[in-house]
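Residues per chain, in single letters:
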Amino acid sequence: VRPETASSAVDADRCAGGDDGATPAPAAGDHKASTSVGSYVEALYDSLVHAIIRPPRSLYDARRLGPTSFVVGGRRVTREDVDLTNDRGEALAASHWVFDGDAPDARRPAVVFVHANSAARVQALHYLNLALGLGCSFFAFDCAGSGLSDGDYVTLGWREADDLAAATAYLKSRGAGALAAWGCSMGAASIIFYLSRRAAALAPKPEDDDLSTRFARLAGVAAPAP
């Protein structure tokens, strides 16, 4: 090979990005790997968020709620299935177990059950006989985003407290007496949020009292639902 030919070949190689000391362009595989890692992290984040706000939904056949009429302690009990509406306009599937023959002004006490995360009102069946045996009517509902109710997401008690407010309003409209709330997991958090908001609503206005009175006391938050 003639010297000038070899020199020309080297120059051509350098112009093409060869051995000229420059950093070589990243390989296509490196970009794919970076994209793959980013997609994995994004998918992981989405799965964590959905595990909280969109856990597996407990869907069930209404027949799992049991018979619509039965006898407890010599008294006949009837299950009334109703649809409530929360303050966001979402329909809430609910059931009210009542004693037949009660006078309109009987003001029988009622227990409101609020289910756990990824559960539904069928969870209340574990406690139904206990509440009825104490002489209380029993009310259970599917929180928004759970069971057979409207809604796409849950908030672990924050908005579910508004669903509980809709339930207590319904029971008061039916002439119920004292109300007690019974909750599991997310349901217990819903009750605490509900009672704390009520305590805050009933607290003295800032101009009427000192700053310390605007915080709910634990005893008030843990009291039976009004």
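Scoring rules and cut-offs
- Residues numbered from 1 in each chain as written.
- Predicted model: local features only at pLDDT ≥ 70, side-chain atom pairs only at ≥ 80, totals over all residues.
- Heavy atoms only, no water.
- Pairing = 2+ DSSP bridges.
- Helix = DSSP H or I, 4+ residues; strand = E, 2+ residues; numbered from the N terminus.
- Axes fitted to C-alpha atoms, helices over the stretch in contact; angles between N-to-C directions.
- Contact = heavy atoms within 4.5 Å.
- pLDDT = per-residue confidence, 0-100.
- Expected span 1.5 Å × (residues − 1).
- Buried < 20%, exposed > 50% of the residue type's maximum accessible area, 1.4 Å probe, protein only.
- Parallel < 35°, antiparallel > 145°, perpendicular 65-115°, else oblique.
- Nonpolar A, V, L, I, M, F, W, Y, C, P; charged D, E, K, R; others polar.

### Section: the sheet that holds strand S5 (residues 137-141)
Reasoning step 1: Strand order in this open sheet of six strands is S1-S2-S3-S5-S4-S6, and the pairing throughout is mixed. The strands lining the two open edges of the sheet, one partner per strand, are strand S1 (69-72) and strand S6 (179-183). Strand-to-strand twist of the sheet, defined as the mean angle between neighbouring strand axes without regard to direction, takes the value 25°.
Reasoning step 2: With five bridges connecting them, strand S4 (residues 110-114) and S5 associate as parallel partners. Directly across from Val 114, in S5, lies its bridge partner Phe 141.
Reasoning step 3: Against the sheet, helix H5 (residues 186-202) contacts S4 and S6, and its axis sits at roughly 140° relative to S6.

### A closer look at the confidence of the model for the protein chain
Reasoning step 1: When pLDDT is averaged along the protein chain, the result is 81, and 74% of the positions lie at 70 or above.
Reasoning step 2: Long-range and interchain partners of residues 1-23, a stretch whose pLDDT sits below 50, account for five contacts in this model, where long-range means more than four residues apart.
Reasoning step 3: Within the model, the stretch residues 208-226 combines pLDDT values under 50 with 23 contacts to residues more than four positions away or in other chains.

### Considerations on H5
Reasoning step 1: Taking 1.5 Å of rise per residue, 17 residues should cover 24 Å, and H5 covers 24 Å from first to last C-alpha, within 8% of that figure.
Reasoning step 2: Buried within H5 we find Met 186, Gly 187, Ser 190, Ile 191, Tyr 194 and Leu 195.

### Focus on unusual backbone geometry
Reasoning step 1: The phi angle at Ser 118 is positive, at roughly 60°, despite the residue not being glycine.
Reasoning step 2: Relative accessible area serves as the criterion here: at 32%, Ser 118 is assigned to the partly exposed category.
Reasoning step 3: The backbone of Ser 185 sits at a positive phi, close to 55°, despite the residue not being glycine.
Reasoning step 4: Position of Ser 185 among the secondary structure elements: in the loop between S6 and H5.
Reasoning step 5: Residue classification places Ser 185 among the exposed positions, given a relative accessible area of 56%.

### Notes on the side chain of Ser 137
Reasoning step 1: Tracing the backbone through its elements, the reader meets Ser 137 in strand S5.
Reasoning step 2: Residue Ser 137 is classed as buried on the basis of its relative accessible area, which comes to 6%.
Reasoning step 3: Filtering out sequence-adjacent residues up to four positions away, Ser 137 remains in contact with His 96, Trp 97, Val 98, Phe 99, Arg 108, Pro 109, Ala 110 and Val 111.

### Focus: the environment of Ala 180
Reasoning step 1: Mapped onto the elements of the fold, Ala 180 is located in strand S6.
Reasoning step 2: Here Ala 180 falls in the partly exposed class, since its relative accessible area comes to 31%.
Reasoning step 3: Each C-alpha atom, one on Ala 180 and one on Thr 168, is 9.5 Å from the other, the two residues being 12 residues apart in sequence.

### Thoughts on the packing of helix H4 (residues 160-173) against H5
Reasoning step 1: In the contact formed by H4 and H5, the axes pass within 8 Å of each other and the chain directions differ by 75°. By the angle class used here, H4 and H5 are roughly perpendicular. Contact with H4, carried on its side by Glu 160, Ala 161, Asp 162, Leu 164, Ala 165 and Thr 168, involves Met 186, Ser 190, Ile 191, Phe 193, Tyr 194 and Arg 197 of H5 and no other residues of that element.
Reasoning step 2: Tallied by class, the residues present in the contact of H4 with H5 amount to seven nonpolar, two polar and three charged.

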